[in-house]
Amino acid sequence: MSEEYDALMRNKTWTLVPSNTAQNIVGCKWVFRLKHNADGSIQCFLLPNDFINVPGLIFMLPSAQAYSNTSLFIYNSSTALIYVLIYVDDIIITGPSTSQILDVISKLGSRFSLKDLGPLHFFLNIEVVPLDNGLLLTQSKFIAELLSRFNMLDTKGVSTPMSSTEPLLLNDGSPPTNSKEYRQVIGALQYLKNPRPDISFAVNRLAQFMHLPSIKHWQAAKHLLRYLKQTITLGLHINHSDTTRLTAYSDADWGSDPDSRVSTSAYIIFHGRTPISWSSKI
């Protein structure tokens, strides 16, 4: 804790001033948690996230009008291109030049207390596996923890995320199930959709019954967990590509939902050979 406090003082995160009776003093709490690497080892460090004005560097915020990610900062000059992605105290710094990346890290390190963890291996519960032809993004560790949490580690896997013969209905005639546990499962599954477009539709469909889940809805949720058990090593492959062409595919099944007659729609967008955006829902 003293190291965290010393880092905040070095970075001049706050200024101590005398108080008076006219001021409403707001309390402050520090919540500590363990951060783990992909292999389960503990990683714990403080990394401030409020650095934009760094001597020698100017980072540009993406235009809000372009609906860009406001966590992404770009340093662009005639000789350098650096991307900085920030989420709370986790940071990814990347670009085409290793020497330029190291220069940015050095400049940030001279201004803020940070720890360079080297090549990217783990970020926001996503494991990054380097391959000869790109990167593989997986969430094997998160899936294993999810299966253990809901006592599904020893269950038999299945080859599809949903049953193709039993459509899910709002009023299916089966008794209600534990709604708290159901919502916990669906909430956790939302974090798996990033590198797993194959479960996008199933998670979206199951989320539509969170207000009053039935036994059949719970069985469908467990079916999806069994599918994740079977496909725990699958992930999103980011390929090296010689083209930056954007290719989009879309489809719709008009009025297919038996409860609301709403259509099923889906799309996927590729940058070169890598999928970068997708959706599949009713």
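Because the structure is predicted, anything quoted here is derived from the model rather than measured.

What counts, and where the lines are drawn
- Each chain has its residues counted from 1, running along the sequence as written.
- Reporting of local features is limited, given that this is a predicted model, to residues whose pLDDT is at least 70; pairs of side-chain atoms are given and counted only at 80 or more, and all residues count toward the totals for whole chains, interfaces and linings.
- Note that water and hydrogens are dropped before the side-chain values are worked out from all heavy atoms of the structure.
- Secondary structure elements are taken from DSSP: a helix is a run of H or I of four residues or more, a strand is a run of E of two residues or more, and numbering for both begins at the N terminus.
- Residue exposure (1.4 Å probe, protein chains only): buried if accessible area is under 20% of the type maximum, exposed if over 50%, otherwise partly exposed.
- In what follows, a contact means two residues having at least one pair of non-hydrogen atoms within 4.5 Å.
- Surface exposure here means Shrake-Rupley accessible area, sampled with a 1.4 Å probe, where a residue is shielded only by the protein chains that are shown.
- For two strands to count as paired, DSSP must find a minimum of two bridges between them.
- Fitted lines through C-alpha atoms serve as axes, helices being fitted only where they are in contact, and the angles separating the N-to-C directions of these axes extend from 0 to 180 degrees.
- Counted as salt bridges are all cases of a side-chain nitrogen of Lys or Arg within 4 Å of a carboxyl oxygen of Asp or Glu.
- In these notes the angle categories are as follows: under 35 degrees is roughly parallel, over 145 is roughly antiparallel, 65 to 115 is roughly perpendicular, and the rest is oblique.
- In this scheme the handedness of a crossing depends on how the near helix is turned from the far one: anticlockwise by less than a right angle means left-handed, clockwise means right-handed.
- Polarity classes work like this: nonpolar for Ala, Val, Leu, Ile, Met, Phe, Trp, Tyr, Cys and Pro, charged for Asp, Glu, Lys and Arg, and polar for all others, with Gly in that last group.
- The predictor attaches a confidence to each residue, and that confidence, scored 0 to 100, is pLDDT.

## A word on the overall build of the chain
Helices and strands together make up the secondary structure of the chain, namely six helices and 14 strands. Expressed as a percentage of its 282 residues, the buried residues of the chain come to 32%. Across the chain, contacts joining residues at least 24 apart in sequence account for 60% of those joining residues at least 6 apart. Summing over all exposed atoms, the chain offers an accessible surface of approximately 18,100 Å²; the carbon and sulfur share of this is 55%.

## Examining the pairing of strand 7 (residues 90-94)
With five bridges joining them, strand 6 (residues 81-87) and strand 7 adopt antiparallel strand pairing. Residue pairing across strands places Tyr87 opposite Asp90, the latter belonging to strand 7. Two successive antiparallel strands, strand 6 and strand 7, enclose a turn made up of two residues, where Val88 displays a positive phi of approximately 55°.

## With respect to the sheet that holds strand 13 (residues 264-271)
With antiparallel pairing, the three strands of this open sheet are ordered in space as 12-13-14. In the strand order of this sheet, the two ends are held by strand 12 (246-253) and strand 14 (274-281), each with one partner. The mean inter-strand angle of the sheet, taken between neighbouring strand axes irrespective of direction, is 5°. Where strand 12 meets strand 13, eight bridges bridge the pair, whose relative direction is antiparallel. Each bridged residue has a counterpart across the sheet, and for Asp251 the counterpart in strand 13 is Ala266. In the packing of helix 5 (residues 200-207) onto the sheet, contacts are made with strand 13 and strand 14, and the angle to strand 14 comes to roughly 30°.

## Let's talk about unusual backbone geometry
The phi angle at Leu124 is positive, at roughly 55°, despite the residue not being glycine. If you trace the backbone, Leu124 turns up in the loop between strand 8 (122-123) and strand 9 (126-131). Classification of Leu124 as partly exposed rests on a relative accessible area of 37%. Phi is positive for Asn125, close to 65°, though the residue is something other than glycine. Secondary-structure assignment places Asn125 in the loop between strand 8 and strand 9.

## Focus: the pairing of strand 9
Examined bridge by bridge, strand 8 and strand 9 share two bridges and lie antiparallel to one another. By the bridge assignment, Phe123 is partnered in strand 9 with Ile126. Pairing of strand 9 with strand 10 (residues 134-138), which is carried by five bridges, proceeds in the antiparallel orientation. Paired with Val129 across the two strands is Leu136, which belongs to strand 10. In textbook terms, the turn of a hairpin is the stretch between consecutive antiparallel strands, and for strand 9 and strand 10 this stretch comprises two residues.

## A closer look at the sheet that holds strand 8
Spatial ordering of the open sheet is given by 8-9-10-11, a layout of four strands whose pairing is antiparallel. Among the strands making up the open sheet, the edge pair consists of strand 8 and strand 11 (235-239). Where strand 10 lies against strand 11, five bridges are found, and the strand directions are antiparallel. Across the sheet, Gly134 pairs through a bridge with Asn239, a residue of strand 11.

## Regarding the pattern of salt bridges
Using the criterion set out here, one finds three salt bridges in the structure. Between Asp103 and Lys107 there is a salt bridge whose closest N-O contact spans 2.9 Å. Of the two residues, Asp103 and Lys107 both sit in helix 2 (residues 98-111), four residues apart, roughly one turn of that helix. Given the relative accessible area of 25%, Lys107 is considered partly exposed.

## Examining the packing of helix 5 against helix 6 (residues 215-230)
Running from N to C, helix 5 and helix 6 cross one another at 155°; their axes reach a closest spacing of 11 Å. The orientation of helix 5 with respect to helix 6, classified from their angle, is roughly antiparallel. Crossing of helix 5 against helix 6: the hand is left-handed. Note on element contacts: helix 6 touches helix 5 through His217, Ala220, Ala221 and Leu224, opposite Ala202, Val203 and Leu206. Taken together, the residues that form the contact of helix 5 with helix 6 break down as six nonpolar, one polar and no charged.

## A few points about the confidence of the model for the chain
When pLDDT is averaged along the chain, the result is 81; 84% of the residues meet or exceed 70. At the low end of the mean pLDDT range in the chain sits strand 3 (residues 53-54), at 47; at the high end sits helix 6, at 94. Every residue in residues 45-54 is under pLDDT 50, and counting partners more than four places away or in other chains gives 33 contacts.

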